[in-house]
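What the coordinates show
Given next are the chains, with one letter for each unit.
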Amino acid sequence: MKYELPELPYAYNALEPHYDEQTVKLHHGAHHKAYVDGLNNAVSKLAEAREAGDFSLVKHWERELAFHGSGHILHTLFWNNMSPNGGGSPTGQVAEQIEKDFGSFEAFKKQFSAATAAVEGSGWGILVWNPHGNRLEIMQAEKHQDLTIWGAIPLLVCDVWEHAYYLKYQNKRPAWIEAWWNLVNWQDVDSRLAKVKS
């Protein structure tokens, strides 16, 4: 079964003015699609290698699998983590867990924004559930797959690859992050946390 580009849960212009229609179209239809295509290609090439018994390029195709697979997963999460009716403060279980693990929502927001802005090169700011520590953690991911914690489950992601924000925000990454907070779909994040804790 091939991986497929998911439909957006809203119209391309639904996140205006914080996230412009032109960037959303390009980001979803070109960049995310490229990760899906790359993932399917890597899966196919690894299947061919198994059939032929020729693993001379296995290092390359395993890297492609990790890169494109992680790109597809994080982008799928990214689209669902945003809503035209998003923003504000979290409620429910995720609000309680943020308070417990970070002291306050404001402390969490400051740390998440700072960590996301400080990603070296292209990557992501990610709120994860760490089942080993039974707590929330903030992580940076370079590219899509580097600097991750094994077993950590992403709940909330902010894309800081330049293609995610450059048309509107140019090189002003902190301005993009500040605008992104107005779109956060806390219901989605709360639902994801409830699933991983159950």
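Residues numbered from 1 in each chain as written. Predicted model: local features only at pLDDT ≥ 70, side-chain atom pairs only at ≥ 80, totals over all residues. Heavy atoms only, no water.

**Points about the packing of helix H1 (residues 21-52) against helix H2 (residues 58-80)**
For the record, the criterion: Fitted lines through C-alpha atoms serve as axes, helices being fitted only where they are in contact, and the angles separating the N-to-C directions of these axes extend from 0 to 180 degrees. For helices the rule is a DSSP run of H or I covering at least 4 residues; for strands it is a run of E covering at least 2, with both sets numbered from the N terminus onward. By convention the crossing between two helices is left-handed if the near helix lies anticlockwise of the far one by an angle smaller than a right angle, and right-handed if it lies clockwise.
Put simply, H1 and H2 touch, their axes get as near as 8 Å, and they point 145° apart. Handedness of the crossing formed by H1 with H2: left-handed.

**Regarding the pairing of strand E1 (residues 123-130)**
Going by this rule: Throughout, exposure labels follow a simple rule: accessible area from a 1.4 Å probe, protein chains only, divided by the maximum for the residue type, with under 20% read as buried, over 50% as exposed, and the rest as partly exposed. Any two strands are treated as partners once DSSP identifies two or more bridges connecting them.
Of all eight residues in E1, eight are buried, a share of seventy percent or more. As paired elements, E1 and strand E2 (residues 135-142) share eight bridges and run antiparallel to each other. Residue pairing in the sheet places Trp-124 in a bridge with Ala-141 of E2. Following E1, the chain reverses through four residues before pairing antiparallel with E2; Asn-134 in that reversal takes a positive phi of roughly 55°. As defined by bridge partners, E1 adjoins strand E3 (residues 153-159) across six bridges and the pair is classed as antiparallel. Residue Gly-125 lies in a different strand from E3, and its bridge partner there is Cys-158.

**Observations regarding H2**
Definition in use: Expected span, for any helix, means 1.5 Å times one less than how many residues it has. By definition, residues are in contact when any of their heavy atoms lie within 4.5 Å.
Given a rise of 1.5 Å per residue, 23 residues ought to cover 33 Å, and the 33 Å separating the end C-alpha atoms of H2 matches this to within 8%. Burial in H2 covers these residues: Trp-61, Phe-67, His-68, Gly-69, Gly-71, His-72, Leu-74, His-75, Leu-77, Phe-78 and Trp-79. Among the structural elements, H1, E1, E3, helix H6 (173-180) and helix H7 (186-197) are those in contact with the buried residues of H2.

Don't take any of this as a statement about function, it's just geometry.
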